[in-house]
Number of protein chains: 2
Amino acid sequence: MSGEFDFIREKLAPLATVGEALGLTDDVALLHADVGPLITSMDMMVAGRHFRHTDPYDTVAQKLLAANVSDIVAKGAKPVAYMLSCAWAQPVDDGQMDRFVDGLGLAQAKWGLALLGGDTVTTDGPASFTVTIFGTPFGDGPILRSGTKPGQQVWVSGTLGDAALGLHYPQIDGALDRAYLTPLPPFDAAEVIAKHGTASIDLSDGLLADGAHIADQSGCKLVLNKAALPLSNAARLLLANAPEAWPLIWSGGDDYQALVCAPPESATHFQQAGFTLIGDVQVGEGVVLLDIDGQEITAGQDGFTHF
Amino acid sequence: MSGEFDFIREKLAPLATVGEALGLTDDVALLHADVGPLITSMDMMVAGRHFRHTDPYDTVAQKLLAANVSDIVAKGAKPVAYMLSCAWAQPVDDGQMDRFVDGLGLAQAKWGLALLGGDTVTTDGPASFTVTIFGTPFGDGPILRSGTKPGQQVWVSGTLGDAALGLHYPQIDGALDRAYLTPLPPFDAAEVIAKHGTASIDLSDGLLADGAHIADQSGCKLVLNKAALPLSNAARLLLANAPEAWPLIWSGGDDYQALVCAPPESATHFQQAGFTLIGDVQVGEGVVLLDIDGQEITAGQDGFTHF
């Protein structure tokens with residue numbers, strides 16, 4: 001490839017599968033909101049921070065879109081399209097760019113997304129990728145962090161801690177590695193979240209840190225039970241041999257699952273959608289995690305922050 | 001400041017001046033498109049590439065928004081809101097962040113923008129900033145790169161080359177420095193572009209490079225006259241002493257002016273809006289720049305590309 005414009009025309013334009021993208025031949029894209037207000041979210045990933053320098057670039061692209069899809073799905077909405085800015089490290093590696101585009105294509109097919117536009121630059125530092133994603137709420141609007149109240153239940157999709165275990169114990173188990181490299185947000189759960197959730201957030205910084213955002217914005221306390229946390233078989237096996245890894249389950253980050261609060265009468269809907277009941281909403285503030293004996297667990301209270 | 005969340009709550013939230021931003025307290029923002037389709041564009045700036053490491057960060061923020069506003073205005077639309085991702089170089093410099101936020105505030109006030117949301121991370125490399133901007137077209141939709149035809153005229157807003165001269169000859173003239181640091185896109189020209197323009201683009205990579213995009217997409221040739229190019233007094237003075245700088249006028253980049261094509265009967269509207277007639281649209285392809293004797297100028301044909 002001979003440069004920026006070729007990369008856009010040959011590699012990215014085929015991913016611009018909707019008319020609103022104008023074939024990536026102009027400076028803007030169109031955003032139709034015929035179905036009501038769109039919602040939008042923006043996530044950035046930097047090499048060495050959000051992914052390892054050695055991660056294959058097809059997985060970097062998939063993780064980038066997963067993180068953005070996760071934000072939209074947790075709000076009870078359907079992701080539809082995205083803008084992408086790439087800052088490539090120099091010297092630009094054509095093979096890396098090709099793999100990245102392959103990963104975008106896989107993720108688009110999986111989640112029904114279209115590329116709308118963006119920017120492509122180079123940097124003297126590590127590569128970074130920024131996505132602004134757009135979604136359409138299944139309900140009247142997004143399910144926010146605020147909205148739950150004492151007496152409601154706390155549900156989580158999928159399993160917790162796999163990605164963090166995969167990062168901290170690389171090559172112990174392929175499933176944990178995959179959870180870190182190509183997380184799978186609960187795409188099919190958006191409708192049940194929209195219909196029955198009262199407060200919701202996606203887990204990117206860890207269960208306790210993100211749960212605290214719901215507690216803060218809803219003015220309640222979330223009481224969670226360690227024994228109830230959903231674990232994969234691979235995580236169970238690892239924890240049996242390395243019990244010191246337990247705090248990664250609730251503070252490790254990169255889960256890209258949905259933490260949702262809802263009234264007890266909605267329980268069957270969440271059960272049927274594969275969610276796990278992990279606690280309840282009480283009067284108070286913050287998040288507490290209780291051990292099987294009812295004692296509060298204090299290890300791993302701090303989630304990931306960038307500075 | 002003690003971290004990422006304080007930065008968002010204390011510094012950025014005051015810039016989220018519309019309800020759709022949800023006070024930056026959630027993972028998403030709302031996009032209403034009651035007035036018709038929105039348009040969107042995304043631009044990224046990396047320290048050492050798009051601005052100098054030594055540039056004051058209030059000007060970096062203003063330039064970042066100027067570059068994004070420029071894209072929207074050139075399409076005949078009114079910029080309304082934006083998403084922002086910041087990747088801060090470590091160690092994070094609180095004073096730099098404060099100045100950056102000051103610059104955002106100035107730019108928001110100047111162009112009537114509101115911050116909707118975004119992301120904040122750190123990087124081991126140079127700082128970078130990415131904006132996704134939203135605008136509402138004054139007409140039925142954006143004025144694209146395509147749409148002009150032979151017989152039409154070529155207009156440009158403002159003056160050309162000031163930023164490039166300011167970059168290459170720093171501290172020669174305060175006006176040129178300012179043009180580089182805090183460019184001023186033709187915000188007030190969006191309506192005349194929407195009403196009378198047939199093809200339009202903002203000049204960020206240089207007159208010839210960006211003009212070529214109109215030529216390509218419209219399937220025409222743009223014939224421009226060097227003698228007609230609008231120059232600031234500061235540029236004229238510098239060129240009198242350094243004639244070798246002339247190619248920067250048409251290939252230097254960072255102008256953030258609008259290049260617009262329109263039929264001759266619209267000429268008075270562009271004149272009244274302060275545009276300068278610099279050429280016409282002919283049968284053929286590409287862009288040619290003619291000297292006063294009608295000879296084609298070949299110096300500085302290549303605009304800025306990133307790789």
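The structure displayed is predicted, hence computed values, not measured ones.

1. Examining the overall build of chain A
Turning to step 1, where the next piece is worked out: Within chain A one finds 10 helices and 11 strands.
Turning to step 2, where the next piece is worked out: A compact globule built from 307 residues would reach a C-alpha radius of gyration of about 19 Å, and chain A, at 20 Å, matches this within 12%.
Turning to step 3, where the next piece is worked out: Considered along the principal axes of its C-alpha atoms, chain A spans approximately 65 × 45 × 35 Å.
Turning to step 4, where the next piece is worked out: Considering chain A as a whole, with its 307 residues, one finds that 55% of them fall into the buried category.
Turning to step 5, where the next piece is worked out: Contacts spanning at least 24 positions in sequence make up 86% of the contacts within chain A whose residues lie at least 6 apart.

2. Some points on the domain arrangement of chain A
Residues and elements named next belong to chain A.
Turning to step 1, where the next piece is worked out: With domains assigned, chain A is organised as domain 1 (4–137) and domain 2 (153–290).
Turning to step 2, where the next piece is worked out: In this assembly, 17 residues from domain 1 lie in contact with 18 residues from domain 2.
Turning to step 3, where the next piece is worked out: Only α2 (57–74) and β3 (77–89) provide two or more residues apiece to the side of domain 1 that touches domain 2.
Turning to step 4, where the next piece is worked out: Broken down by element, the residue count for the side of domain 1 that touches domain 2 peaks at 10 residues, all from α2.

3. So, the relation of the copies chain A and chain B
Turning to step 1, where the next piece is worked out: If you rotate chain A by 180° and push it 0.0 Å along the axis, it lands on chain B with an RMSD of 0.0 Å. The two molecules are tied by a two-fold rotation axis, judged by turn and shift. Every residue of chain A has its C-alpha some distance from the rotation axis, and the shortest such distance is that of A:Gly125, at 2.0 Å.
Turning to step 2, where the next piece is worked out: Here 100% of the contact residues of chain A are again contact residues in chain B; the copies associate through an equivalent surface.

4. A word on the interface of chain A and chain B
Quite often, the size of an interface is put as the accessible area lost when its parts meet.
Turning to step 1, where the next piece is worked out: Counting from both sides, the interface comprises 56 residues of chain A and, opposite them, 56 residues of chain B.
Turning to step 2, where the next piece is worked out: Contributing elements (two or more residues each) for the side of chain A that touches chain B: α1 (4–12), β1 (29–31), β2 (38–46), α2, β3, β4 (114–123), β5 (128–137) and β7 (199–202) of chain A.
Turning to step 3, where the next piece is worked out: Of the residues belonging to the side of chain A that touches chain B, the class tally is 25 nonpolar, 20 polar and 11 charged.
Turning to step 4, where the next piece is worked out: Bridge count for β1(A) against strand β2 (residues 38–46) of chain B is three bridges, and the pairing is antiparallel. Its bridge partner being in β2(B), A:Ala29 is matched across the sheet by B:Thr40.

Analysis parameters
- Residues numbered from 1 in each chain as written.
- Chains lettered and ligands numbered in written order.
- Predicted model: local features only at pLDDT ≥ 70, side-chain atom pairs only at ≥ 80, totals over all residues.
- Helix = DSSP H or I, 4+ residues; strand = E, 2+ residues; numbered from the N terminus.
- Rg over C-alpha atoms; globule rule 2.2 N^0.38 Å.
- Buried ≥ 20, exposed ≤ 12 C-beta atoms within 10 Å, placed from the backbone.
- Contact = placed C-beta atoms within 7 Å.
- Domains from an automatic or database assignment.
- Least-squares fit on C-alpha atoms with pLDDT ≥ 70 in both.
- Nonpolar A, V, L, I, M, F, W, Y, C, P; charged D, E, K, R; others polar.
- Pairing = 2+ DSSP bridges.

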